[in-house]
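What follows is the residue order along each chain.
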Amino acid sequence: MRVVDVVVVGGGPAGAACAITCAKHGQNTVLLEKGMPGRHKVCGGIMPTVCIGILKDDLGLKMPDEVMCTPHTLGLFYVPPSGRRSGAAMRNYRLLNVNRDRLDHWLLQIAEDSGVNVLYGTEFLDFQNEGTFRVRAGNKDRVTEVQARFLIGADGVFSKVRTQLHRGSKAQTMMIVQEYWQAKGEFEEHFYTFLKGEVTSAYGYLIPKDGRYLIGVGEARGGHGRAAACLRRFTEWLTDEFAFEPVSLERKEAGAIPYNSLFGGDGNAILVGDAAGFCNPFSGEGIRLGIESGIMAGEAIVQANESGKTLSSLYHQQIEGLSEFIRSTYEFSVALTDKEREEFVSTELQRGSLAPYYSGPQKD
Ligand SMILES: Cc1cc2nc3c(=O)[nH]c(=O)nc-3n(C[C@H](O)[C@H](O)[C@H](O)COP(=O)(O)OP(=O)(O)OC[C@H]3O[C@@H](n4cnc5c(N)ncnc54)[C@H](O)[C@@H]3O)c2cc1C
């Protein structure tokens, strides 16, 4: 059986960021990814520009042009319940418009270049904790075993590592459905966020992407059928407000984000990204929080090695601010009335800054 320092389960942004951080600090690291290189992830691919600084400062990386969609950056345009006439773009604010599959592929290539052993097509099955972790993973008909001192669950919203670590606990999710359209409409280079209770209890969005429009809605109450009905109402609203005229549907897909459920891990096994519940319940933003929690997990491993303390106790300190942000954003967004949505947009547009968005760990 192979013996390493760290096993990371999952090769999304959280797992890749964690593995790169571990490798940079000399940890012998294996990453298990059930998909093949370039696997598809259902996502809008919108990231705050602060990610450029996080990747540069914490991982020494520069995001290459090939991970970007056209246009590379977008403004942020809020549409409140009363519609377009009361909406506007935030002043001096830009977002990155990325191709998620290419972003994740690039990060995993960096991980491999940093010395991480990335095992594609390899699905985590279970682990035994015998002081160190004995992790079993399946690749086609073969079962591989890896032994490690530290185990990182970065396996997304339906994490199997979390299920085994926190037996009996239930993780809530929010359903998101999205469609790629060739379409016409009165849109500029913005990420459009729509808030209206009659359409959805959460949010709708439109993103110009490589000559198409990606439209989607999140809906916290109910499953796929209810979210699909929200998307139909949203499309009608888009038609009324922005003269949205669909030409041809290119792709239709659904996914989930964690919602109001936080799990840090236990002992020397911890969770990062969606597996831990680190996704903004108000906006659906999770890529950056995945990268940040992945880096924090890697840093906690370094501290655990130096201090001999339990990994989860060190990691819980690191993620305190992030967890508090998720909790307070949930509290803020869960019972919004349309009047409050209207006030929120108006205040944001006047203030010119983003209130319910995570501003990063408070460094001394
Ligand atoms: C429709 C939709 C739109 C979204 N839009 C945005 C957006 O515009 N901006 C944004 O910031 N966030 C967005 N999000 C949220 C964002 O996609 C997630 O928060 C982010 O992907 C979390 O990263 P992660 O690395 O934790 O998990 P993931 O990206 O889900 O990665 C988990 C990885 O683990 C692998 N895996 C799973 N199980 C196993 C197993 N048993 N063994 C081995 N490997 C396994 C998976 O194949 C996957 O590669 C959106 C989500 C959805 C559903």
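Higher on the page you've got the structure.
Everything quoted here is computed from the prediction, not taken from an experiment.

Caption draft 1: Quick peek at the overall build of the protein chain. In terms of helices and strands, the protein chain carries nine helices and 17 strands. On C-alpha atoms alone, the protein chain measures out to a radius of gyration of 20 Å, which is about the 21 Å that the 2.2 N^0.38 rule sets for 364 residues. A burial count over the protein chain gives 55% of its 364 residues as buried. When contacts within the protein chain are restricted to residue pairs at least 6 apart in sequence, long-range pairs at least 24 apart make up 72% of them. Per element, the accessible surface of the protein chain, about 15,600 Å² overall, is 47% carbon and sulfur.

Caption draft 2: Summary view of the environment of Lys309. Within the element layout of this structure, Lys309 appears in the loop between α6 (287-307) and α7 (311-318). Expressed as a C-alpha distance, the spacing of Lys309 and Phe133, which sit 176 residues apart in the sequence, is 17 Å. Contact partners of Lys309, with chain neighbours within four places excluded, come to Ala304 and Leu314.

Caption draft 3: The pattern of salt bridges, seen in detail. The tally for this structure, following the rule as stated, stands at 16 salt bridges. The partner of Arg251 in a salt bridge is Glu253, and the shortest N-O contact between them spans 3.2 Å. Using a relative accessible area of 38% as the deciding quantity, one classes Arg251 as partly exposed. A relative accessible area of 11% means that Glu253 is categorised as buried.

Caption draft 4: Highlighting the pairing of strand β14 (residues 212-219). With seven of eight residues buried, β14 is to be regarded as a mostly interior element. One ladder, built from seven bridges, connects strand β13 (residues 203-209) with β14; its direction is antiparallel. Bridge assignment links Tyr205 to a residue of β14, and that residue is Gly216. Counted along the chain from β13 to the antiparallel partner β14, the turn is two residues long, and its residue Asp210 has a positive phi close to 50 degrees.

Caption draft 5: Quick peek at the site of the ligand. Residues in close proximity to the ligand total 36 residues, the closest being Glu33, Arg39, Ile46, Arg100 and Asp274. Between the ligand and Arg100 there is a distance of 2.8 Å, counted from an oxygen atom to a side-chain nitrogen or oxygen. Sorting the residues of the shell around the ligand by element identifies α1 (13-24), β8 (123-129), β11 (173-184) and β15 (245-258) as the ones contributing at least two each. Residue composition of the shell around the ligand, grouped by class: 15 nonpolar, twelve polar and nine charged.

Caption draft 6: A look at helix α2 (residues 50-59). Taken residue by residue, α2 has Cys51, Ile54, Leu55 and Leu59 as its buried positions. All buried residues of α2 lie within an arc of 95 degrees about the axis, which places them on one face of the element. Exposed residues pointing more than 90 degrees away from the buried face of α2 are listed as Lys56 and Asp57. Considering only its buried residues, α2 is in contact with α1, β3 (46-48), β6 (95-98), α3 (100-113) and α6. Backbone geometry just after α2 places Gly60 at a positive phi near 65 degrees.

Caption draft 7: Broad picture of the packing of aromatic side chains. This model, assessed by the stated rule, comprises 20 aromatic pairs. Seen in terms of ring centroids, Phe187 and Phe244 are 6.3 Å apart; in terms of plane orientation they differ by 65 degrees. Their pairing is edge-to-face. In this pair, Phe187 sits in the loop between β11 and β12 (190-194) while Phe244 sits in the loop between α5 (224-242) and β15, placing the two residues 57 residues apart along the sequence. Phe244 matches Phe187 in its accessibility class, with the two residues each being buried. Both rings, one in Tyr259 and one in Tyr330, keep their centres 5.3 Å apart while their planes meet at 80 degrees; by these two values the pair is edge-to-face. Of this pair, Tyr259 sits in the loop between β15 and β16 (265-266) while Tyr330 sits in helix α8 (residues 320-334), and the two are 71 residues apart along the sequence. A network of ring pairs unites the aromatic residues Phe77, Phe187, Tyr192, Phe194, Tyr213, Phe234, Trp237, Phe242 and Phe244 as a single cluster.

Reading guide: rules and limits
Residues numbered from 1 in each chain as written. Predicted model: local features only at pLDDT ≥ 70, side-chain atom pairs only at ≥ 80, totals over all residues. Heavy atoms only, no water. Helix = DSSP H or I, 4+ residues; strand = E, 2+ residues; numbered from the N terminus. Rg over C-alpha atoms; globule rule 2.2 N^0.38 Å. Buried < 20%, exposed > 50% of the residue type's maximum accessible area, 1.4 Å probe, protein only. Contact = heavy atoms within 4.5 Å. Areas by Shrake-Rupley, 256 points an atom, 1.4 Å probe, with all protein chains shown as cover. Salt bridge = Lys/Arg side-chain N within 4 Å of Asp/Glu carboxyl O. Pairing = 2+ DSSP bridges. Near = heavy atom within 4 Å. Polar contact = N/O pair within 3.5 Å; in protein donor to acceptor, adjacent residues only side chain to side chain. Nonpolar A, V, L, I, M, F, W, Y, C, P; charged D, E, K, R; others polar. Arc of directions from axis to C-beta. Phe/Tyr/Trp six-rings, centres within 6.5 Å; stacked < 30°, edge-to-face > 60°.

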